[in-house]
Amino acid sequence: MATHKLLLLPGDGIGPEVMGQVEQIVSWFGKQGLASFEIEKGLVGGAAYDAHKQAISEGDMKLAEAADAVLFGAVGGPKWADVPYQHRPEAGLLRLRKDLGLFANLRPAICYPALASASSLKPEVVEGLDILIVRELTGGVYFGEPKEIVTLEDGQKRGVDTQLYTTGEIERICRVAFELARTRRNKVSSAEKHNVMKTGVLWKQTVTALHAAEYKDVELEHVLADNCAMQLVRWPKQYDVIVCDNLFGDILSDVAAMLTGSLGMLPSASLGAEDPATGKRKALYEPVHGSAPDIAGKGLANPIAMIGSFAMALRYSFNAGEAADRLEGAIADVLGSGTRTKDIAAPGANAVSTSEMGQAIIGALEARG
Ligand code: NAD
């Protein structure tokens, strides 16, 4: 059995609390002989600043480079509000994304049947929802130059951001989307604004050409990004994989997130390019939520987003789809039995702690045999 190198970066606030539950699940998989892991631990965010005066140390960056996957908790909090800008907790995450070349952000939006009533939409609209948003993460308007605020001759100011994409950048993210669609329901919806943006025109041309050359077996549809936002709240089950640029992906993935109920439920993955020699990709898995200083240290955090992020690592980094199915199935079983942390419990209903939820999921894994 291959041994997978896993780097755990719990971070700040509720990060270490939810990561603690994942550690127990990782060790459960190891003990059952279902997978073998070599685990390293490091510091990131405020915790790294306190120890090293930087948001991630060079030593921990080396561990991240060497790992098959990084599991990241969350960073930030009021304690570090006044640290120098370049050392703020978020700088650790940005450095990891940049240095590992993590250009593809995957955000599944899965609505467990037991939580359909927790969504702000009608249960029939979201029950059984399983969509995946593939967002380009390292290009587009968040990074394009010029990016500035200038003062004009008449005294007004002008803010400029630049939306830039090359065919290479579009092809590599769309390739990830087509490959993933082949493992799911085989449909890709490409969202852009070719009606008003040149990058949208190039995006549509490039994805159409790539589809014709390499992915004819996958169904491809084009959708304007604004229409996609509307369709996501009208009838989200029409989608399988949605692929989009950095800006539209930021917005569409937050819309999709709310379909499922709580921030504490949402995992994500960020992947780099495939190494042609090994077929492996650099990868970082993290919950969508932040460090939640308001509930940190109280045992209230829902660990499911973090545990779901480990399930994604099993699927996308360790080629262990069956183990991922089993873990996601155990989460569904626990939710189906009515076990809830406070964020997903009905007002006034009994809620379990972070560690009780972790234990319940291990219990459900065992019950699945
Ligand atoms: P947040 O995601 O930390 O919290 C938003 C709300 O959701 C809070 O009420 C919190 O209690 C709740 N919540 C979040 N995760 C939860 C969980 N697992 N279980 C139960 N409830 C949960 O966002 P915020 O309050 O805007 O930011 C807090 C800090 O986190 C800030 O310093 C921010 O910069 C940082 N942050 C970090 C990341 C990251 O590490 N990737 C992402 C977002 C925010």
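None of the values given here were measured: they were computed from a predicted structure.

Caption draft 1: A look at the side chain of Asp-68. Along the chain, Asp-68 turns up in the loop between helix H3 (58-66) and strand E3 (69-74). Looking at Asp-68, its side chain comes within polar contact range of the main-chain nitrogen of Lys-5, at 2.8 Å. Within the local environment of Asp-68, its side chain forms a polar contact with the side chain of Lys-280, the two groups lying 3.1 Å apart. Other than its neighbours up to four places away in sequence, Asp-68 contacts Thr-3, His-4, Lys-5, Lys-280, Arg-281, Ala-283, Ser-317 and Phe-318.

Caption draft 2: Up close: the domain arrangement of the protein. The domain boundaries assigned to the protein delineate domain 1 (1-102 + 268-369) and domain 2 (130-259). Each of domain 1 and domain 2 was reduced to a C-alpha centroid, and the two centroids are 26 Å apart. Listed per partner, the contact involves 5 residues of domain 1 and 5 residues of domain 2. Carbon and sulfur atoms supply 71% of the area that domain 1 and domain 2 bury against each other, a total of about 480 Å² over both sides. Linking domain 1 with domain 2 are 0 residue pairs in polar contact (both at pLDDT 80 or more), by the criterion used here.

Caption draft 3: Broad picture of H3. Within H3, the full set of buried residues consists of Asp-60, Met-61 and Ala-64. Down the axis of H3, the buried side of the element spans an arc of 105°, and every buried residue falls inside it. The inward-facing, buried residues of H3 abut strand E1 (3-11), strand E2 (36-41), E3 and helix H4 (90-99).

Caption draft 4: Quick peek at the site of the ligand. Within the structure, the ligand sits among 21 residues, and Glu-90, Gly-290, Ala-292, Asp-294 and Asn-302 are positioned closest to it. Interatomic distance of 2.7 Å between a backbone N/O atom of Gly-290 and an oxygen atom of the ligand. One nitrogen or oxygen atom from the main chain of Ala-292 is found 2.8 Å from an oxygen atom belonging to the ligand. Within the complex, 67% of the 810 Å² of free accessible area of the ligand lies under protein. Looking at the shell around the ligand, the elements that each hand over two or more residues are E3 and H4.

Rules used throughout
All residue numbers here refer to positions counted from 1 along the written sequence of the relevant chain. It should be noted that, the model being predicted, local features are given only for residues of pLDDT at least 70 and side-chain atom pairs only at 80 or more, the latter also being counted only at that level, while totals for whole chains, interfaces and linings use all residues. Heavy atoms throughout the structure, all of them, feed into the side-chain values; hydrogens and water do not. Segments assigned H or I by DSSP are reported as helices when at least four residues long, segments assigned E as strands when at least two residues long, and all are numbered from the N terminus. Polar contact is the term for a pair of N or O atoms within 3.5 Å; when the atoms are in protein, one must be able to donate a hydrogen and the other to accept it, and sequence-neighboring residues count only if both atoms are side-chain atoms. Residues are treated as being in contact if the distance between any of their heavy atoms lies within 4.5 Å. Domain delimitation in this document rests on an assignment produced automatically or drawn from a domain database. Here the buried area means the combined drop in accessible surface, using a 1.4 Å probe, for two parts upon being joined, counting both sides. Buried, partly exposed and exposed residues are distinguished by accessible area as a fraction of the type maximum, computed with a 1.4 Å probe on protein chains only: under 20%, between the cut-offs, and over 50%, respectively. Here the arc refers to the set of directions running from the helix axis out to each C-beta atom. A molecule or strand has a residue near it when one of that residue's heavy atoms lies within 4 Å. Surface accessibility in these figures is a Shrake-Rupley result with a 1.4 Å probe; residues are shielded only by whichever protein chains are displayed.

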